[in-house]
Amino acid sequence: MTAASLVARCVHGLEPTLAAEILRRGLGVITHIGHREVRFRASRLPALGLRTADDVFLLAAQGPDVGTTRQGAAALAGLAATLAGAADLAALARLRGEHGGPRGLTGVEVSASFLGRRAFTRYDVEDAVGRVLAGRLGVGYHSRRGAVAPPPGHSGWRVTLDGERATLLLRIAERPLHRRDYKRQSVPGTLHPPLAAAMVAMAGVEPGDTVLDPCCGAGTLLIEAARQGAAARLYGFDLAGRAVAAARENAAGLPVAVARADAGRLPVRDGVAHRVLANPPWGGQVAPGGLLAASPARWWAEVRRVLAPGGAAVVLLPGVGDLPLALRQGLTPVHLQRVRIAGAESFLVRLTAPRPARGAR
């Protein structure tokens, strides 16, 4: 394998978590951590096994950012020539195959993003770069302006403008990594899989642990735990029958048990769970139901009841205003991580249950 410069993209706020996964898997040396991305020099395959990454790309070319003014819009043609002209397309096709993706570059699709306000749109960037790339390759170009899916086999390219530099990237896989094959069914409020994978990593699930998700939705957290090889006992509950059915279908073939139950009164004994993983219904996309609708504070009481001494819960919160309720139940926040999902700020929090006093029986 020839060493390659790779760029892994992620949810804003998960950059340190993604970098830690890259190092833990021995995939390479981190060279840069930026807004929603981690760059690394690959030393091992496969990079496509990353669970906390939204996507992984080969670094194709770089140049100066064209700026934010109308002159920048006029400079897009120059930007396209610089980026697409500098890319070693034959080497990129070979490296893509070595890292687990298709070797052929049969069609071109480009997605673009930039920081700050611009006098041009992302579609202007995409079309300028995409047409030059397609011309060099002698293949078709699919514009995203019409919101129509590209034909099968088109290669995914990405252009980012961060205020200083413009970067051209080539997606390794045929589709983004966050689109998990197991996600056959979905429900409102379903969790973004790489975020769920980050929560599993934060929980530190160990072999033999009993792991509960009191409001499991489509089962994403427990499935990510199973896919990370946790070798744990995984149990999910949800009040909605539709969610239970979705979770069971998504988790088919995995050691995940799902049942219908109220998160405010779980059908398990006290202190049974070594870990609790949860994205509770805080009233955003999904309103609390059952006992939680009448008393949201009951959530923390039930988490405390089911956690074993010294156990830990990792919960996604829309804010930190509920943490005093957790403290009153004897749960101690030991890690807080801010993330941004679909433009909205949220928090990942790890809380621990008290251990028995030394000498206590």
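Residues numbered from 1 in each chain as written. Predicted model: local features only at pLDDT ≥ 70, side-chain atom pairs only at ≥ 80, totals over all residues. Heavy atoms only, no water.

This brings us to the overall build of the protein. Secondary structure summary: the protein contains eleven helices and 15 strands in total. For 361 residues, the compact-globule formula gives about 21 Å, and the C-alpha radius of gyration of the protein, at 23 Å, lands near that figure. Overall, the C-alpha framework of the protein stretches about 70 × 40 × 40 Å when taken along its three principal axes. Relative to all contacts within the protein whose residues are 6 or more apart in sequence, the contacts with residues 24 or more apart total 70%. Taken as a whole, the protein presents about 16000 Å² of accessible surface, with 52% of it coming from carbon and sulfur. Taking the average location of the 45 positive side-chain charges in the protein and that of its 27 negative ones, the two points are 3 Å from each other. (Helix = DSSP H or I, 4+ residues; strand = E, 2+ residues; numbered from the N terminus. Rg over C-alpha atoms; globule rule 2.2 N^0.38 Å. Contact = heavy atoms within 4.5 Å. Areas by Shrake-Rupley, 256 points an atom, 1.4 Å probe, with all protein chains shown as cover. Lys, Arg positive; Asp, Glu negative; His and termini not counted. Charge placed at Lys NZ, Arg CZ, Asp CG, Glu CD.)

Quick look at the domain arrangement of the protein now. How big an interface is tends to be reported as the loss of accessible area on association of its parts. According to the domain assignment, the protein consists of domain 1 (4-171) and domain 2 (193-353). Taking only C-alpha atoms into account, the centre of domain 1 sits 34 Å from that of domain 2. Of the residues lining the interface, nine residues belong to domain 1; the matching set on domain 2 comes to 13 residues. Buried surface at the junction of domain 1 and domain 2, both sides included, amounts to about 910 Å², of which 58% is carbon and sulfur. Area buried by domain 1 at its contact with domain 2 is led by His 12, Leu 14 and Arg 51, which between them contribute 54% of it. On inspection of domain 1 and its partner domain 2, the count reaches one salt bridge. The closest approach of N and O atoms between Arg 51 and Glu 224, which form a salt bridge, is 3.0 Å. Where domain 1 meets domain 2, there are four residue pairs in polar contact (both at pLDDT 80 or more). (Domains from an automatic or database assignment. Buried area = accessible area lost by both parts, 1.4 Å probe. Salt bridge = Lys/Arg side-chain N within 4 Å of Asp/Glu carboxyl O. Polar contact = N/O pair within 3.5 Å; in protein donor to acceptor, adjacent residues only side chain to side chain.)

With that settled, the discussion passes to helix α6 (residues 193-203). Where burial is concerned, most of α6 is hidden: ten out of the eleven residues are buried. Here α6 has its buried residues at Pro 193, Pro 194, Leu 195, Ala 196, Ala 197, Ala 198, Met 199, Val 200, Met 202 and Ala 203. Count one or two residues on from α6 and you reach Gly 204, which has phi positive near 65°. (Buried < 20%, exposed > 50% of the residue type's maximum accessible area, 1.4 Å probe, protein only.)

With that settled, consider the packing of α6 against helix α7 (residues 220-227). In the contact formed by α6 and α7, the axes pass within 8 Å of each other and the chain directions differ by 65°. Of the two elements, α6 crosses α7, and the hand of that crossing is right-handed. Residues Pro 193, Ala 196, Ala 197, Met 199 and Val 200 of α6 form the contact with α7, whose own contacting residues are Thr 220, Leu 221, Glu 224 and Ala 225. A per-class count over the contact of α6 with α7 returns seven nonpolar, one polar and one charged. (Axes fitted to C-alpha atoms, helices over the stretch in contact; angles between N-to-C directions. Left-handed = near helix turned anticlockwise from the far one by under 90°. Nonpolar A, V, L, I, M, F, W, Y, C, P; charged D, E, K, R; others polar.)

A word on helix α8 (residues 241-250). For α8, the set of buried residues is Ala 243, Val 244, Ala 246, Ala 247 and Asn 250. Along the axis of α8, the buried positions cluster into a sector of 165°, meaning they face one direction only. Summarising the contacts, the buried residues of α8 are in contact with α7, β10 (233-238) and β11 (256-260). (Arc of directions from axis to C-beta.)

Another aspect to go through is the nonpolar core. Nonpolar side chains in soluble globular proteins tend to be buried together. One finds Leu 6, Leu 50, Val 56, Trp 157, Val 159 and Leu 168 to be the most contacted residues of the largest nonpolar core, which totals 78 residues. At seven residues, the largest contribution of residues to this core is made by α6. Of the residues that make up this core, three or more belong to each of domain 1 (4-171) and domain 2 (193-353). Residues contacting Val 56, with those up to four places away along its chain left out, are Leu 6, Val 7, Ala 8, Ala 47, Leu 50, Leu 170, Arg 171, Ile 172 and Leu 177. Core analysis: the next-biggest nonpolar cluster, separate from the first, contains 25 residues, Cys 215, Leu 266, Trp 299 and Ala 353 among them. (Core = buried A, V, L, I, M, F, W, Y, C linked by side-chain atoms within 4.5 Å.)

The backbone of Arg 36 shows a phi angle near 65°, a positive value even though the residue is not glycine. Residue position: Arg 36 is located in the loop between β2 (28-34) and β3 (37-42). Its identity is not glycine, yet Ala 342 carries a phi of approximately 50°, on the positive side.

Before going further, it helps to spend a moment on the environment of Leu 105. Position of Leu 105 among the secondary structure elements: in the loop between α4 (89-98) and β5 (107-114). Overall, the relative accessible area of 13% leaves Leu 105 in the buried class. Through-space distance from the C-alpha of Leu 105 to that of Leu 76 is 23 Å; in sequence the pair is 29 residues apart. Beyond its immediate stretch of four places on either side in the chain, Leu 105 contacts Leu 89, Ala 93, Arg 96, Leu 137, Val 139, Ser 155, Trp 157 and Leu 170.

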